[in-house]
Amino acid sequence: MIGIRHETYAELIDELPFSLVTGIERTPFNCSREKNWHENIEIQLCTQGSGTVLLDGERYTVSPGDIVVVNSNVVHYTLTEHYLRYTCLIVSTQWCRKMQIDYSNLRYSPVIVCRELEALIERLSEICADHSDPLRVAKANRLLLHLLITLSEQYASPRLAAASKNRYFDVIVAAIACIEKNYDRKVTLSELAESVYFNKYALCKEFKRYTGQTIIQYLHHYRSLKAIDYLSEGYTVAETAALCGFENLSFFTRTFKSCTGKNPSYYKKQGIGEPVFLPSDQKTEK
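Residues numbered from 1 in each chain as written. Predicted model: local features only at pLDDT ≥ 70, side-chain atom pairs only at ≥ 80, totals over all residues. Heavy atoms only, no water.

Visitor: Honestly, the overall build of the chain in this entry has me stumped. Any pointers?
Guide: Helix and strand counts for the chain come out as 10 helices and 12 strands. Expressed as a percentage of its 286 residues, the buried residues of the chain come to 43%. Looking at the chain alone, contacts between residues at least 24 apart form 73% of all its contacts between residues at least 6 apart. When the accessible surface of the chain is totalled, it reaches about 15,200 Å², and 52% of it is carbon and sulfur. (Helix = DSSP H or I, 4+ residues; strand = E, 2+ residues; numbered from the N terminus. Buried < 20%, exposed > 50% of the residue type's maximum accessible area, 1.4 Å probe, protein only. Contact = heavy atoms within 4.5 Å. Areas by Shrake-Rupley, 256 points an atom, 1.4 Å probe, with all protein chains shown as cover.)

Here is the structure:
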């Protein structure tokens with residue numbers, strides 16, 4: 001059975017306000033074991049082969065030149081019966097808000113054939129790969145803005161109010177919003193369940209099914225993400241622990257290392273850092 005996983009790209013903004021991965025390959029034997037969903041808009045450009053993309057259960061066949069647009073909070077899954085190669089662009093929600101591109105209120109066409117957009121994605125890939133260009137970041141931001149404006153003007157319509165696609169999904173989205181809003185203080189399971197008007201035992205079960213994590217695991221990972229921000233801004237480890245809702249410093253240190261593979265002091269010394277969450281069997285200290 002294919003599971004469902006929630007992905008967080010809260011820390012996407014670094015040099016470039018997006019994640020761009022080229023040459024992703026899928027065969028019947030190396031497709032993901034999980035569907036996933038996230039707040040960010042995702043754009044996939046099929047470059048070789050053929051495959052299928054599931055968007056909230058709807059199937060769309062793709063071939064070279066097809067551009068798939070995954071709207072915000074859409075459960076999606078990419079697969080193939082033969083071979084598929086594609087480029088994946090995931091754009092920072094924070095950056096879009098700064099540009100006043102409110103894609104949460106837009107509904108993009110799921111599959112687009114547009115040579116202009118295809119060329120923009122290809123050019124963006126070239127710019128990102130050229131680290132010798134001193135204007136790399138400026139050019140990439142300009143090109144991304146052009147891409148999103150074109151996409152929004154030509155291939156989007158206002159998102160209409162609709163019946164809930166899945167009651168459980170809406171509950172989990174609300175629970176995640178509550179956790180992220182209150183990460184800096186103690187929130188009990190009962191309080192969380194009351195905030196989303198749902199039975200706490202059912203909430204635990206559905207939360208794990210949709211995110212791949214328990215509520216506590218998700219909270220710890222999110223607090224660790226926020227902790228990296230505070231450490232990079234110059235706060236002490238003790239101050240950071242308190243700001244992220246940890247009442248015990250040693251517990252904060254253990255939790256942080258469990259989630260990131262490093263002690264808080266690592267990010268404190270670096271001044272800035274990009275979080276990498278590791279499987280439990282790969283965690284190391286540097």
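More follows now that the structure is in view.
Visitor: So what exactly am I meant to see when it comes to the confidence of the model for the chain here?
Guide: In low-pLDDT segments, the atomic positions of the prediction should not be examined closely. Considering every residue of the chain, the mean pLDDT works out to 87; 89% of them sit at 70 or more. Within the chain, no element has a lower average pLDDT than strand 1 (residues 3–6), which sits at 77, and none a higher one than strand 4 (residues 42–49), at 98. (pLDDT = per-residue confidence, 0-100.)

Visitor: What's the story with the nonpolar core in this structure? I'm lost.
Guide: Across soluble globular proteins, nonpolar side chains show a tendency to be buried alongside one another. Core analysis: the largest hydrophobic core is formed by 32 residues, its most contacted members being Trp-37, Ile-172, Ile-179, Leu-192, Leu-203, Phe-207 and Phe-256. Contributing elements (two or more residues each) for this core: helix 4 (167–181), helix 5 (189–195), helix 6 (200–211), helix 7 (215–232) and helix 9 (249–260). For Phe-256, the contacting residues outside a window of four places in its chain are Ser-224, Ala-227, Ile-228, Leu-231, Gly-261, Lys-262, Asn-263, Pro-264 and Tyr-267. Judged by nonpolar contacts, the second largest core, of 28 residues, contains Ile-101, Ile-121, Leu-143 and Leu-148. (Core = buried A, V, L, I, M, F, W, Y, C linked by side-chain atoms within 4.5 Å.)

Visitor: Just to check I follow, could you spell out the sheet that holds strand 9 (residues 84–91) for this structure?
Guide: For sheets, the rule is that strands pair by backbone hydrogen bonds, running either parallel or antiparallel. Here we have 5 strands laid out as an open sheet, ordered 2-9-4-7-11, and antiparallel in their pairing. Each edge of the open sheet carries a strand with a single partner, namely strand 2 (18–26) and strand 11 (111–113). Between one strand axis and the next, the sheet turns through 25 degrees on average, direction left out of account. Strand direction decides the pairing type here: strand 4 and strand 9, joined by 7 bridges, are antiparallel. When the bridges of strand 9 are listed, Ile-43 appears paired with Leu-89. This element, helix 2 (residues 115–129), spans strand 2, strand 4, strand 7 (66–70), strand 9 and strand 11 of the sheet and lies at about 105 degrees to strand 2. (Pairing = 2+ DSSP bridges. Axes fitted to C-alpha atoms, helices over the stretch in contact; angles between N-to-C directions.)

Visitor: Quick question: what am I supposed to make of the packing of helix 4 against helix 7 here?
Guide: In helix packing, the relevant descriptors are the interaxial angle and the interaxial distance, both defined with respect to the helix axes. Where helix 4 meets helix 7, the closest approach of the two axes is 10 Å, and the angle between their N-to-C directions is 45 degrees. Considering their axes alone, helix 4 and helix 7 lie oblique with respect to each other. Where helix 4 crosses over helix 7, the handedness of that crossing is right-handed. Contact with helix 4, carried on its side by Ile-176, Ile-179 and Glu-180, involves Ile-215, Tyr-218, Leu-219 and Tyr-222 of helix 7 and no other residues of that element. Within the contact of helix 4 with helix 7, the residues separate by chemical class into 6 nonpolar, no polar and 1 charged. (Parallel < 35°, antiparallel > 145°, perpendicular 65-115°, else oblique. Left-handed = near helix turned anticlockwise from the far one by under 90°. Nonpolar A, V, L, I, M, F, W, Y, C, P; charged D, E, K, R; others polar.)

Visitor: Is there a simple way to explain the pattern of salt bridges in this structure?
Guide: Side chains that differ in charge, positive against negative, can pair when their charged atoms come close. Applying the stated criterion to the full structure yields 10 salt bridges. Taking the shortest distance from any N to any O, the salt bridge between Arg-115 and Glu-122 comes out at 3.5 Å. A residue is classified by how much of its surface remains accessible, and Arg-115, at 52% relative accessible area, is exposed. What makes Glu-122 partly exposed here is its relative accessible area of 31%. A salt bridge links Asp-133 to Lys-139; the nearest nitrogen and oxygen atoms lie 2.8 Å apart. What you see here is one network of salt bridges that share partners, running through Arg-115, Glu-118 and Glu-122. (Salt bridge = Lys/Arg side-chain N within 4 Å of Asp/Glu carboxyl O.)

Visitor: I'm lost on the environment of Leu-151 in this one. Help?
Guide: Relative to the assigned elements, Leu-151 resides in helix 3 (residues 136–154). Note: C-alpha distance between Leu-151 and Cys-114 (37 residues apart in sequence) is 9.7 Å. If we skip the residues at most four places from it in the chain, Leu-151 touches Ile-41, Ile-43, Val-69, Tyr-108, Ile-112, Leu-117 and Ala-156.

Visitor: Just to check I follow, could you spell out the side chain of Thr-240 for this structure?
Guide: Among the structural elements, Thr-240 can be located in helix 8 (residues 237–243). With a relative accessible area of 0%, Thr-240 lands in the buried category. Contacts of Thr-240, omitting those with residues within four sequence positions, involve Ala-227, Tyr-230, Leu-231, Tyr-235 and Phe-252.

Visitor: It is not clear to me how the environment of Tyr-230 should be interpreted in this structure. Could you clarify?
Guide: If you trace the backbone, Tyr-230 turns up in helix 7. In this structure, the C-alpha to C-alpha distance between Tyr-230 and Cys-244, residues 14 residues apart in sequence, is 8.9 Å. In this structure, Tyr-230 is in contact with Tyr-183, Tyr-235, Thr-240, Leu-243 and Cys-244, ignoring residues within four places of it in sequence. A polar side-chain atom of Tyr-230 sits 2.8 Å from a polar atom in the side chain of Tyr-183. (Polar contact = N/O pair within 3.5 Å; in protein donor to acceptor, adjacent residues only side chain to side chain.)

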